[in-house]
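Now for the letters of each chain:
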Amino acid sequence: MSGPNTDYDPVEVSTLNPDEVEAARDAALAAIDAAADLAALKQVRIDHAGDRSPLALANREIGALPPAARKDAGRRVGQARGAVNQALAARTAVLEAEHEERMLAEETVDVTMPTDRLPVGARHPLTTGAELIADIFVAMGWEIAEGPVIEAEWLNFDALNLGPDHPARTMQDTFWTDPPENGVVLRTHTSPVQARTMLSRTPPIYVVCPGRVFRTDPFDATHSPMFHQVEGLAIDEGLTLAHLKGTLDHFATAMFGEGIVTRFRPSYFPFTEPSAEVDLVCFVCRGVDSETCRTCRGEGWIEWGGCGVVNPRVLRACGVDSERYSGFAFGMGIDRTLMFRHGIEDLRDLFEGDLRFTTAFGSDL
Ligand code: PHE
């Protein structure tokens, strides 16, 4: 049996030396006091209260002491660690409060700063264009009339003096709904709204009818199977071709500005007699040196639409007294009108829904 371990000297466990423990505690407390912010305090906590800090090492040494010495050493180390932990907690509270106060003071929100705005939509140029046209006529006391896009063959053709065998029917490349013998078409022009208006109202009549129309056309820079027309119809006592010319001149000036010149070119429509195509002086070359103009291809003029004095046969078919009343009508493409007005070169730009195109007209909101 071995004797008591008389060689063991607790003083040799230097980390447990009371002075060392006190020094470690004081160093910790001083560092805690000196920590200026939470980041610095975090490092202080690692250095002075972490697993490898002097006091943690001292604590681990306690087990190596003889039982009699453990109690005293344990109390001293425990007190020192307790003091350090308390100081850490107190300093943390102080620094957190300071940090919060500084944030409140410094991190103000400037409500006048510009923000990322959500994109604002723009109304489509065709919508605003149709409204602009309607406004021009409403300002002259006209009314707006509308009709369905799926239309009775009779209203689209027969009522307008386009009987079943009329050769002009083939001028309008018609979409027929199935079965064709039902006589229902996608309207090929806005003129059936003329017929509907005359059938449902008594003169005087002054209406404009903007709307979609359909023809079996290709989809290219100047054609589309769906496009827009605006129809005008005036029925009153004593109306003549001169009233038509004056009305279209006013419309053209309101649309394209002062100085625009129109001309009538004899033409044929079954529903008007006499009939004319109305041309605008080319808005690019204005008819000067037109030989080189790509827009009018040397003509000096561009075609805008059709017009004429309403054929008495149409008046009679629609229940209007053709002895008492006369009238005029006109119809032009809204899309074409906008292309002239805004220099749009490709009709497809109006239909393809590219927002970059639409928002360019956003100021018309
Ligand atoms: N509806 C004709 C067309 O689409 C245009 C027109 C309207 C002509 C009114 C004369 C009078 O071609």
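Residues numbered from 1 in each chain as written. Predicted model: local features only at pLDDT ≥ 70, side-chain atom pairs only at ≥ 80, totals over all residues. Heavy atoms only, no water.

## What about the nonpolar core?
Our working definition: Nonpolar cores were defined as sets of buried Ala, Val, Leu, Ile, Met, Phe, Trp, Tyr and Cys residues, with membership established by side-chain atoms within 4.5 Å. Burial classes: relative accessible area under 20% of the type maximum marks a residue as buried, over 50% as exposed, and values in between as partly exposed (1.4 Å probe, protein chains only). The helix and strand labels rest on DSSP assignments: H or I over at least four residues marks a helix, E over at least two residues marks a strand, and numbering proceeds from the N terminus. It only takes one pair of heavy atoms within 4.5 Å for two residues to be counted as in contact.
Core analysis: the biggest nonpolar cluster contains 40 residues, and Phe-251, Trp-304 and Phe-330 have the highest contact counts within it. Per-element tally for this core: the top contributor is helix H8 (residues 241–256), with six residues. Once you skip the residues sitting within four places of it in the chain, Phe-251 turns out to touch Ile-133, Ile-136, Phe-137, Val-230, Trp-304, Phe-330 and Met-332. Counting 23 residues, the second-largest nonpolar core is a separate cluster that includes Leu-155, Leu-233, Cys-318 and Val-320.

## Describing the pairing of strand S5 (residues 226–236)
Selection criterion: Should DSSP find at least two bridges between two strands, the strands are regarded as paired.
Counted residue by residue, S5 has ten buried out of eleven residues, so it is predominantly covered. Across ten bridges, strand S4 (residues 205–214) lies against S5 in antiparallel orientation. Following the sheet pairing, Tyr-206 is matched in S5 by Ala-234. Pairing geometry for S5 and strand S9 (residues 326–333), over eight bridges, is antiparallel. Bridge assignment links Val-230 to a residue of S9, and that residue is Met-332.

## Some points on the layout of surface pockets
Counted only if it meets this: Residues are called lining when one of their atoms sits within 4 Å of a cavity or pocket point, these points coming from a 1 Å grid over the protein atoms alone, where a cavity is a set in which a 1.4 Å probe fits but cannot get out and a pocket is an open set with protein on both sides within 12 Å along at least five of seven lines. Grid points are joined across faces, edges and corners, and a volume is the space filled by probe spheres set on the points.
Volume-wise, the largest pocket comes out at about 1500 Å³. Forming the boundary of the largest pocket are 46 residues, of which Thr-222, Glu-303, Trp-304, Arg-336 and Phe-340 lie nearest the centre. At the level of elements, helix H7 (191–200), S5, strand S7 (272–281), strand S8 (301–310), S9 and helix H10 (334–342) are the ones that each hand at least two residues to the lining of the largest pocket. With eight residues, the single largest contributor to the lining of the largest pocket is S8.

## Points about H7
Each turn of an α-helix holds 3.6 residues, which means side chains three or four residues apart point in the same direction. When you tally the buried positions in H7, you get seven out of ten residues, the bulk of the element. Residues of H7 that are buried include every one of Ser-191, Pro-192, Val-193, Gln-194, Ala-195, Thr-197 and Met-198, and no others. The secondary structure elements touched by the buried residues of H7 are strand S2 (150–152), helix H6 (153–156), S4, S5, helix H9 (312–317) and S9.

## Concerning the sheet that holds S8
Our working rule: Whenever a helix is involved, its axis is fitted only over the stretch in contact; in every case the axis is a line through C-alpha atoms, and angles between N-to-C directions fall within 0 to 180 degrees.
Read from one edge of the open sheet, seven strands run S1-S4-S5-S9-S8-S7-S6, paired in mixed fashion. Two strands in the sheet have a free side with no partner beyond their single neighbour: strand S1 (143–144) and strand S6 (262–269). Where S1 lies against S4, two bridges are found, and the strand directions are parallel. Note that in S4 the partner of Glu-143 across the bridge is Val-207. H7 contacts S4, S5 and S9 of the sheet and is inclined by roughly 35° relative to S5.

## A word on the site of the ligand
The criterion, for reference: Near, as used in this document, describes a residue that has one of its heavy atoms within 4 Å of the molecule or strand being considered. We define a polar contact as two N or O atoms separated by no more than 3.5 Å, with the added condition that, inside protein, one atom must be a possible hydrogen donor and the other a possible acceptor, whereas residues neighbouring each other in sequence contribute only through side-chain atom pairs. Accessible surface is estimated by sampling points in the Shrake-Rupley manner with a 1.4 Å probe; for residues, cover comes only from the protein chains shown. What decides whether a molecule sits in a cavity or pocket is whether more than half of its atoms lie within 2 Å of the grid points.
Near the ligand lie 14 residues; those nearest to it are His-189, Ser-191, Arg-215, Gln-229 and Glu-231. Arg-215 has a polar side-chain atom sitting 2.9 Å from an oxygen atom of the ligand. Within the complex, the protein chains bury 93% of what would otherwise be the 320 Å² of accessible surface of the ligand. Given that more than half its atoms are within 2 Å of the pocket grid, the ligand belongs to the largest pocket. Secondary-structure elements contributing two or more residues to the shell around the ligand are H7, S5, S8 and S9. Considering each element in turn, the shell around the ligand owes the most residues, three residues, to S9.

## Structural notes on the packing of helix H2 (residues 38–49) against helix H4 (residues 67–106)
Condition: For classification purposes, an angle smaller than 35 degrees is called roughly parallel, one larger than 145 roughly antiparallel, one from 65 to 115 roughly perpendicular, and anything else oblique. Following the grouping adopted for this structure description, the nonpolar residues are Ala, Val, Leu, Ile, Met, Phe, Trp, Tyr, Cys and Pro, the charged ones are Asp, Glu, Lys and Arg, and the polar ones are all others, Gly among them.
Two elements in contact, H2 and H4, have axes whose closest approach is 10 Å; the angle formed by their N-to-C orientations is 170°. Accordingly, the angle class assigned to the pair H2 and H4 is roughly antiparallel. For the pair H2 and H4, the contacting residues are Leu-38, Leu-41, Arg-45, His-48 and Ala-49 in the first and Val-84, Asn-85, Leu-88, Arg-91, Thr-92, Leu-95, Glu-96 and His-99 in the second. Looking at side-chain class alone, the contact of H2 with H4 contains six nonpolar, four polar and three charged residues.

## Some thoughts on the side chain of Thr-128
Counting through the fold element by element, Thr-128 comes out in helix H5 (residues 125–138). Polar side-chain contacts of Thr-128 include one of 3.1 Å to the backbone oxygen of Pro-125.

## Points about the packing of H5 against H10
For any two helices packed against each other, one specifies the crossing angle of their axes together with the interaxial distance. Between H5 and H10, the shortest axis-to-axis distance is 10 Å and the interhelical angle comes to 95°. Considering their axes alone, H5 and H10 lie roughly perpendicular with respect to each other. Residues Pro-125, Leu-126, Gly-129, Ala-130, Leu-132 and Ile-133 of H5 pack against Ile-334, Asp-335, Leu-338 and Arg-341 of H10. Residue composition of the contact of H5 with H10, grouped by class: seven nonpolar, one polar and two charged.

## Looking at the pattern of salt bridges
Using the following cut-off: Each salt bridge in this description consists of a side-chain nitrogen of Lys or Arg and a carboxyl oxygen of Asp or Glu lying within 4 Å of one another.
On inspection of all chains with the given rule, the structure shows 13 salt bridges. Linking Glu-131 and Arg-123 is a salt bridge whose minimum nitrogen-to-oxygen distance equals 2.6 Å. By relative accessible area, Arg-123 is classed as partly exposed at 32%. In this structure, Arg-263 and Asp-279 form a salt bridge, with 3.0 Å as the shortest nitrogen-oxygen distance.

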